[in-house]
Amino acid sequence: MIFEFSDTGQQSDSDVCIVGAGPVGLALAFKCAAQGLSVTVLESGGADTDNDQNVLGPVEILTPHHAETSLTTRRGIGGTSILWGGRCVTLDDIDFQPRDFVAFSGWPISHREIAQHYDEALSFLGYGRDDDALRLAAAEASGDIVDDFLERWSAKPDLKDLHEAQLRKSERITVRLGSTVTAIALDASGAKVTGVHVRSRGSDSFIRAKSYVLASGGLENARLLLAAQQLWPDKFGGPDGALGRFYCGHLTGYLAAIRFAKPDFAKRLWYRKNRDGSHIRRRLALSQEAQLKHSLLNGAFWLDSFSVADPEHGSGALSMLYVCMAMLGLYPKVGNGLAPSPTEPKARNYRRHFSNIRQDPRLLTGTFHVLSQLVGRRLGKKIFALANPENHYLLRYHTEQVPDPTSRATLSEREDGAALPRLSVDFHFQKQDVESVVRSHEIIDEWLQSEGIGRLHYLTAPERRDEAVLNQALDGYHQIGLTRMSESQSTGVVDRNCRVHDVANLFVAGSSVFPTAGQANPTLPAVALALRLADHLGNLVKRV
């Protein structure tokens, strides 16, 4: 049942109260309801996806490496899934292991404890299964490089559209829209939550439940706990504890392109489509052994198309497509999203495009191939890609960063009209993060050449590669580490079951509990971890 929340006073108890109706909150709610639990979901957004953050409280970004919250956050049913392209990627075993060259690394649980929920999480996120006809062959890469890392793309990434009908039919889930949690109330000892204060349309209410789960995104989870810590300074590890610290995400961008000598290997790394409209493709990565041998951070590398407007792609067919669209005035209208291009100049050089056209011996067959792709180029909500007939691609990297306790979010004053205090974010990258990206490319290039597969063509000179990586370093989308999982309160905020260490019935769900980021974007593992938490909450209720 979904309805706008406008009542005042004290509300009746439920088994679980979930703060946030994004991907993690919805997955948790459905799984808890399936186990017979009554669930109240408090969502600050209204019936339509809402990005007005003022009701929550402002966020002050103190670094150029963090995206504005208007680009990273959405409220309402489905939350940030409206921004999410549908990419589903698993974590890796090495992410859960302590590594002596990665400070504060290691999880208190094994990867297997999350991995057993991946299939269910994929289904929830709108990815069915790999078609039998598209099952990928065994890995061909060996040595320092592996090519069996998979990314799957949901055919239905907007979770509001995917799940709203089911949500409305649920007899165990109540979603209170327009309801902003303003405070967490603890009992006299501080050991248990007695309820949460909620503001809705100018009215204040108090919501009670047996257990409470914060699932409102990394920054907002941290904000609520930091606000509670202002009243209880010794809670959650105290002011010098882990809460709000270790904020991390990923470095991503382009340092090089690949020109393949083996076209079949390029095809092996390209998108493949399932019958249900979802997609799958392989990624390159350094093997676990190579990461440990070279003391490098975990990362993934995949092919991206050059923009058709960038003659660096070297394809006469792609140049022909661009020149025709540009001369007809169509490119500004339809070109957006065809592909990224970090090398493209502000003014187009038609001479180089015509050179590509003249020098392409496979112009006709290549043009037919490109046009056939263009007809069905929309691979998904956020996926636009054209395979290059010349087998020349940008190599995108997506790598973890070292957890750093000085990268953090803190509270300052409360502004007029805001439900919660201002959140200040100091998010930064370290030298080790950047150097790992550069060295990983060198190892990939050595492998490509030794195997006769191809070689990298760097986009910048050797002396400027560190700078190029740092200039592209931008996150704030993944919001990892702010309420990290740990064995003890001295190094984290929640325990192995996502329960806040010193509060009996308060839990945190989402990527903010990840101790390290790994190479994967966190949507799939965060949902899988929420499903694991739902099993735990179900067992708790059964024991009561």
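What you see is a predicted model, and the numbers here were worked out from it, not measured in a lab.

Trainee: What is the right way to look at the side chain of serine 14 in this model?
Mentor: Looking at the element boundaries, serine 14 is found in strand E3 (residues 14–19). The contact partners of serine 14, leaving out residues within four places of it in the chain, are Ser38, Val39, Thr40, Arg208, Ala209 and Lys210.

Trainee: Any chance you could explain helix H5 (residues 159–169) here in plain terms?
Mentor: Inspection of H5 places Leu159, Lys160, His163, Glu164 and Leu167 among the buried residues, and these make up the whole buried set. The buried residues of H5 occupy one face: seen down the axis, they fall within an arc of 135°. Relative to its buried face, H5 has exposed residues pointing more than 90 degrees away, namely Asp161 and Lys169. Looking at where H5 begins, the residue whose side-chain oxygen comes 3.1 Å from the main-chain nitrogen of lysine 160 is aspartate 158.

Trainee: Can you help me understand the environment of alanine 227 in this one?
Mentor: Within the fold, alanine 227 resides in helix H6 (residues 218–231). Alanine 227 sits 193 residues away from leucine 420 along the chain, and the two C-alpha atoms are 7.5 Å apart. Discounting residues that sit within four places of it in the chain, alanine 227 has contacts with Leu411, Leu420 and Pro421.

Trainee: Mind showing me how you'd approach the confidence of the model for the protein here?
Mentor: Fine structural detail should not be taken from predicted coordinates in areas where pLDDT scores are low. For the protein, mean pLDDT is 88; residues scoring 70 or higher make up 87% of the total. Confidence over residues 4–9 falls short of pLDDT 50; this stretch has 23 contacts with residues more than four positions distant or in other chains. Residue range residues 378–382 is modelled with pLDDT below 50. Its contacts to residues more than four positions away, or to other chains, number 15 contacts.

Trainee: Could you clarify how one ought to interpret the sheet that holds strand E18 (residues 408–411) in this entry?
Mentor: Across a sheet, paired strands are connected by hydrogen bonds in the backbone, their directions being either parallel or antiparallel. Spatially, three strands are ordered E5-E19-E18 in an open sheet, and the strand pairing comes out mixed. At either end of the open sheet lies a strand with only one pairing partner, and these are strand E5 (59–61) and E18. Strand-to-strand, the axes of this sheet are offset by a mean angle of 25°, without reference to chain direction. Note: E18 against strand E19 (residues 423–426), four bridges, orientation antiparallel. Looking at the pairing, leucine 411 lines up with leucine 423 of E19. With respect to the sheet, H6 is in contact with E5, E18 and E19, its orientation differing from that of E18 by roughly 45°.

Trainee: Just checking my understanding: could you explain the packing of helix H1 (residues 23–34) against H5 for this structure?
Mentor: Relative placement of two packed helices is described by the angle separating their axes and the distance separating the axes. Following both chains from N to C, one finds H1 and H5 inclined at 25°, their axes separated by 12 Å at the closest point. By the criterion of interaxial angle, the relationship of H1 to H5 is roughly parallel. Pair H1 / H5 crosses with left-handed handedness. In this structure, H1 uses Pro23, Leu26 and Phe30 to contact H5, whose residues at the interface are Leu159, His163, Gln166 and Leu167. Grouping the amino acids of the contact of H1 with H5 by side-chain chemistry returns five nonpolar, two polar and no charged.

Procedures and definitions
Residues numbered from 1 in each chain as written. Predicted model: local features only at pLDDT ≥ 70, side-chain atom pairs only at ≥ 80, totals over all residues. Heavy atoms only, no water. Helix = DSSP H or I, 4+ residues; strand = E, 2+ residues; numbered from the N terminus. Contact = heavy atoms within 4.5 Å. Buried < 20%, exposed > 50% of the residue type's maximum accessible area, 1.4 Å probe, protein only. Arc of directions from axis to C-beta. Polar contact = N/O pair within 3.5 Å; in protein donor to acceptor, adjacent residues only side chain to side chain. pLDDT = per-residue confidence, 0-100. Pairing = 2+ DSSP bridges. Axes fitted to C-alpha atoms, helices over the stretch in contact; angles between N-to-C directions. Parallel < 35°, antiparallel > 145°, perpendicular 65-115°, else oblique. Left-handed = near helix turned anticlockwise from the far one by under 90°. Nonpolar A, V, L, I, M, F, W, Y, C, P; charged D, E, K, R; others polar.

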